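Here is how the chains run, residue by residue.
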Amino acid sequence: QDLERQRRGCARIAVMEFIAVHCMMPDLAGVDSLALSPDSKWLAVGRSDGVLEIWTTSTWQRRIAFGGRQGRVPKCLAWVALAECNVKKLRWAEFAKYQLISAGLEGKVHLWDLQSLQAVVTETSGGGAVYDMCILDTKPETSVALACEDGAVHLMHVDEESITHRRKFHGGKGRMLSVCRHRNYVFGGNSTSLISRWSLDTRVSDSYVRLEKSRWGDEALVWTLKHVDETTIVSGDSLGLLHIIDTVSCTVMQRLDQHQADVLTVAVGTGFMVAAGVDGRVSAYCVMPQTGLWSYSESACRHTHDIRAIVMSPEGNGISGAMDGGLVVHQVRRGNAQGAVERFKLRHLRLKFSDSCARRSRPFALSNDARVGLFCNVFKAELWYFKDVDQSPDTVPPSNKVNGPVDAMRGILPSPLKLADVTLGKAGDMVLSTALSMDAQFFAISDQAGTRLFSFALKDMEVSRLPVKPQIRAARALSLLFLSSSLLAIGDIDSGLLFCDAATGTVMAHHQQHKTPVDMLEASPEFLAASDLRGEMHLYSLDQLAHECVVPRFKLGFPTAMTFGPKGARFIAVSSAQEILVFDTEQHSVLGRCIVPEVPVHQKLRGVMVPAHAPDKLLIWGSDVLVKTTMQEVQAEGEKVVPETAAENFTASEHSWQIETRLVNILDVAHLAQSDAWSGYSLGHHAQGQPAKKKRKVPRDPTGDMCMILQAPAETLRASLPSAFERKTYGS
């Protein structure tokens, strides 16, 4: 594998030493619901902590996360298109031409505006907890059907500014768990083995289907109903069965029993369907042309826990989400001439734990002395203090085999101590962003209610809230960044970019060059770089707090990481398409572009860094990859560079790419170049599981740089999950 990488211009990083500190634990949130946009370009994900996410299906990377609130779990999602006249007025991201409807067990229906990233309408369902939802009509008006706790199907009218309850269809006893539309009928499945049919014309129940009970006489819970073709629907229930039902005669035509536990979700394509549930298995079925009956084809066990949602794209890609926090993209390929589904093929798109933990581009901030850190969790911010080393390396016994870097180096590392958990208000809203000042005297937190500033006295262990102007207090910031000890940049969702003084709580400058929310900030001593959800990048002068210039956009994708060179003369950005752009901040020109090799398309590169001691090198990281490269400038001295020839003037040397894959689930990386706090030890032997040659302090190489890598250990995350379903094996 190493020889192959070298042949392609890549090699493993051989000189990297790892320091592991076990401290903060991110929250792992499972997937409860999925919905594809009408144009299939965007995927909406609803997680068990209430957070909504928008993913792009071109690269399978998350674009934005918002809306989280404790107790508000989105059990079902649906996209609604805006009116054509309003689409022309859009000022930003392409997915904002839609609105999103969510509903869950709290018994409320929310209509989300994807421009302001907030619920514009919230209405009670009229029937308690909502278990399922389907779109009935989109023209001339949008209406949805809700399967509710009271055993009825409730119909709601939805427009861009309101949700109105129209009527309800009464079912039998028990909860209504699933609903779907088939032609001019609405079907609802409940918790008593009953599937009822209502006519949209007469608004009465005119037929029903009674499913079989378990061998012990327990009623079947009809978890899902889906439209199949012009004459049939499919149901999935708590007995692990799929039933193909004729919608005219309301009779069961076929029974499929490949699952070992509850079937929770079904997705239907052209001539095939996929089903999944508690057993963590995704099963494929196809129609046999000779008989017209459904036949089991293939199964794939890509999840460890319950699969709560699965959707199917028009291209035949199945996307499944489970309680283990992961998303898996399956490709359904047709096999023989009879139309059988050959197999499920995972397109190397297992989206890992860190994708469900890190909701922000930079969840961790570290003070200049590397002693105080601020970690942004979902509903709170955590202040951490890294104490002095308690023991010297002489007291650590050598080890020939290391089970993990944390155990190997425990006792010789700065000991982490949690100072405080900071939450905002009583509503339990999702924290949008956090920032820590360079000297750790101030920090800022923002949520849907606004931005708050705090002072922090390390000596007294005291946190105090600071008074601020109403404009700062109302700012809902997707990004925050301290530019000095007290100067704070705020990327407000509604009003552009703000510069404020944390010490006085006043606004120093306000810019509105960005037409969309600023989601990423990065600074040098002279400039601030800001990127928004439309993919535009702007530079601002910190001397005058004025707009400097516009950075050309990426040819493909959107910005995912930004940084400056040590002297601020170069601005480097990385895109979702793994493209690197280098920009001259003095000449306002593009020096060059290149593509990071050997990185999968779905790997989101969330950070980039230029080491202080090696300004010609770049360190780039994603969820489970670290990439180091050397950029070589071949531009003639004083020659003016234009963007059209940029790719020829700035290139990556052919054999300079080095890939490190030992670390997985990387949340963030903090640069320790300005601090000597942890520079007294060389811990490479302990980190790599090798015996120490000599028990003594080894001075760090003065030409090297140190980084703190914030990692979510997969073993610890799995341990936080409930017990996985134990599948039966042959002969048991």
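Positions within a chain are numbered from 1, following the residues in the order the chain's sequence is written. With the structure being a predicted model, the display of local features is reserved for residues of pLDDT at least 70 and the display and counting of side-chain atom pairs for 80 or more, all residues being used for whole-chain, interface and lining totals. Heavy atoms throughout the structure, all of them, feed into the side-chain values; hydrogens and water do not.

Draft legend 1. A look at the pairing of strand β13 (residues 163–170). The rule for pairing is simple: two strands pair if DSSP sees at least two bridges between them. The way it works is that DSSP assigns letters per residue, a run of H or I at least four long becomes a helix, a run of E at least two long becomes a strand, and they are numbered from the N terminus. Taken together, the seven bridges between strand β12 (residues 152–158) and β13 define a ladder with antiparallel strand orientation. Paired with Ala-152 across the strands is His-170, a residue of β13. If you look at the hairpin formed by β12 and β13, you'll find four residues sitting between the two strands.

Draft legend 2. Main features of the side chain of His-243. Secondary-structure assignment places His-243 in strand β20 (residues 242–246). Burial classes follow relative accessibility: with a 1.4 Å probe on protein chains only, a residue under 20% of its type's maximum area counts as buried, one over 50% as exposed, and anything between as partly exposed. With relative accessibility at 3%, the residue His-243 sits in the buried group. Setting aside anything within four residues of it in sequence, one finds His-243 in contact with Leu-211, Glu-212, Ile-233, Val-234, Ser-235, Asp-237, Val-252, Gln-254 and Arg-255. Only heavy atoms matter for contacts: two residues are in contact if any of them lie within 4.5 Å across the pair.

Draft legend 3. Inspection of the state of the cysteines at higher detail. By definition, disulfides here are pairs of cysteine sulfur atoms that lie within 2.5 Å. Following the criterion strictly, the structure yields zero disulfides and no others. With no disulfide of its own, Cys-76 has Cys-148 as its nearest cysteine by sulfur position, at a separation of 8.9 Å. Here Cys-76 falls in the buried class, since its relative accessible area comes to 5%. Looking at the unpaired Cys-134, the closest cysteine sulfur is the one in Cys-180, lying at 6.6 Å.

Draft legend 4. The sheet that holds strand β2 (residues 31–36), seen in detail. Spatially, the four strands line up as an open sheet ordered β2-β3-β4-β5, and their pairing is antiparallel. With partners counted over all chains shown, the strands left at the sheet margins are β2 and β5 (61–66), one partner each. Strand-to-strand twist of the sheet, defined as the mean angle between neighbouring strand axes without regard to direction, takes the value 25°. In this sheet, strand β4 (residues 52–56) lies alongside strand β3 (residues 42–47) in antiparallel orientation, the contact comprising five bridges. Note that in β4 the partner of Leu-43 across the bridge is Trp-55. The convention used is that axes are lines fitted to C-alpha atoms, helices contributing only their stretch in contact, and that angles between N-to-C directions extend from 0 to 180 degrees.

Draft legend 5. Region of the structure containing the side chain of Ser-433. Relative to the assigned elements, Ser-433 resides in strand β34 (residues 431–436). A polar contact of 2.8 Å, which involves the side chain of Ser-433, links it to the backbone oxygen of Ala-477. Think of a polar contact as two N or O atoms within 3.5 Å of one another; within protein, one of them needs to be a possible hydrogen donor and the other a possible acceptor, and neighboring residues in sequence only count if both atoms come from side chains.

Draft legend 6. Examining the environment of Ser-437 more closely. Mapped onto the elements, Ser-437 comes out in the loop between β34 and β35 (442–447). A relative accessible area of 0% means that Ser-437 is categorised as buried. Placed 70 residues apart in sequence, Ser-437 and Ser-367 show a C-alpha to C-alpha distance of 6.7 Å. Those residues in contact with Ser-437, other than ones at most four positions away along the chain, are Ser-367, Phe-442, Phe-482, Ser-484 and Ser-485. A polar side-chain atom of Ser-437 sits 3.0 Å from a polar atom in the side chain of Asp-439.

Draft legend 7. Representation of the pattern of salt bridges. Between Lys or Arg on one side and Asp or Glu on the other, a salt bridge is scored when a side-chain nitrogen of the former is within 4 Å of a carboxyl oxygen of the latter. Under the counting rule described, the total for this entry stands at 22 salt bridges. Of the charged contacts in the structure, one is a salt bridge between Glu-219 and Lys-213, with a shortest N-O distance of 3.3 Å. Judged by relative accessible area, Glu-219 falls into the partly exposed class, the value being 30%. Classification of Lys-213 by relative accessible area gives partly exposed; the value is 44%. Between Asp-421 and Lys-380 there is a salt bridge whose closest N-O contact spans 3.5 Å. Within this pair, whereas Asp-421 is found in strand β33 (residues 414–422), its partner Lys-380 is found in the loop between β31 (372–376) and β32 (381–389), the two being separated by 41 residues in sequence. For Asp-421, a relative accessible area of 40% gives the class partly exposed. Since its relative accessible area comes to 24%, Lys-380 is described here as partly exposed. What emerges from the salt-bridge pattern is a single network uniting Lys-380, Glu-382, Lys-418 and Asp-421.

Draft legend 8. Local environment of the environment of Ala-561. Along the chain, the position of Ala-561 falls in strand β46 (residues 559–564). C-alpha separation for the pair Ala-561 and Arg-362, spaced 199 residues apart in sequence, amounts to 9.2 Å. When residues no more than four places from it in sequence are discounted, the contact partners of Ala-561 are Met-520, Ile-572, Ala-573, Val-574, Leu-605, Arg-606, Gly-607 and Val-608.

Draft legend 9. Molecular detail of the packing of aromatic side chains. Under the pairing criterion, centres of Phe, Tyr and Trp rings, with the six-membered ring standing for Trp, must be within 6.5 Å; the plane angle then separates stacked pairs below 30 degrees from edge-to-face pairs above 60, leaving the rest tilted. For the structure shown, the criterion picks out eight aromatic pairs. On the basis of an interplanar angle of 75° and a centroid distance of 5.0 Å, the ring pair of Trp-42 and Phe-95 is categorised as edge-to-face. Of this pair, Trp-42 sits in strand β3 while Phe-95 sits in the loop between α2 (84–87) and β7 (98–104), placing them 53 residues apart in sequence. Taking relative accessible area as the criterion, Trp-42 reaches 10% and is therefore assigned buried. Aromatic side chains Tyr-285 and Tyr-296 sit 5.8 Å apart centroid to centroid with 65° between the ring planes, which places their arrangement in the edge-to-face category. Of this pair, Tyr-285 sits in strand β24 (residues 282–287) while Tyr-296 sits in strand β25 (residues 294–300), and the two are 11 residues apart along the sequence. We count a charge as sitting over a ring when the NZ of a lysine or the CZ of an arginine lies within 6 Å of the ring centre and within 35 degrees of the ring normal. Between the NZ or CZ atom of Arg-63 and the centre of the ring of Phe-558, over which it lies, the distance is 3.9 Å. Sitting over the face of the ring of Tyr-185, Arg-197 holds its NZ or CZ atom 4.3 Å from the ring centroid.

Draft legend 10. The arrangement of the sheet that holds β13 in detail. A sheet is described by the order of its strands in space; here four strands give the open sequence β10-β11-β12-β13, paired in antiparallel fashion. At either end of the open sheet lies a strand with only one pairing partner, and these are β10 (130–137) and β13. Taking the axes of each pair of neighbouring strands and ignoring which way they run, one obtains an average angle of 25° across the sheet. One ladder, built from six bridges, connects β10 with strand β11 (residues 142–148); its direction is antiparallel. The partner of Met-133 across the bridge, within β11, is Leu-146.

Draft legend 11. Layout of the nonpolar core. As used here, the term nonpolar core means buried Ala, Val, Leu, Ile, Met, Phe, Trp, Tyr and Cys residues forming a set that is joined through side-chain atoms within 4.5 Å. The biggest cluster of nonpolar side chains holds 20 residues, and the ones touching the most others in it are Ile-54, Ile-64, Phe-66, Trp-79 and Leu-100. At the level of secondary structure, the elements contributing two or more residues to this core comprise β3, β4, β5, β6 (74–81) and β7. Not counting chain neighbours up to four residues away, the residues in contact with Ile-64 comprise Leu-52, Glu-53, Ile-54, Phe-95, Leu-117, Leu-478 and Leu-533. The next biggest cluster of nonpolar side chains, apart from the first, holds 19 residues, and it includes Ile-580, Leu-591, Val-608 and Met-631.

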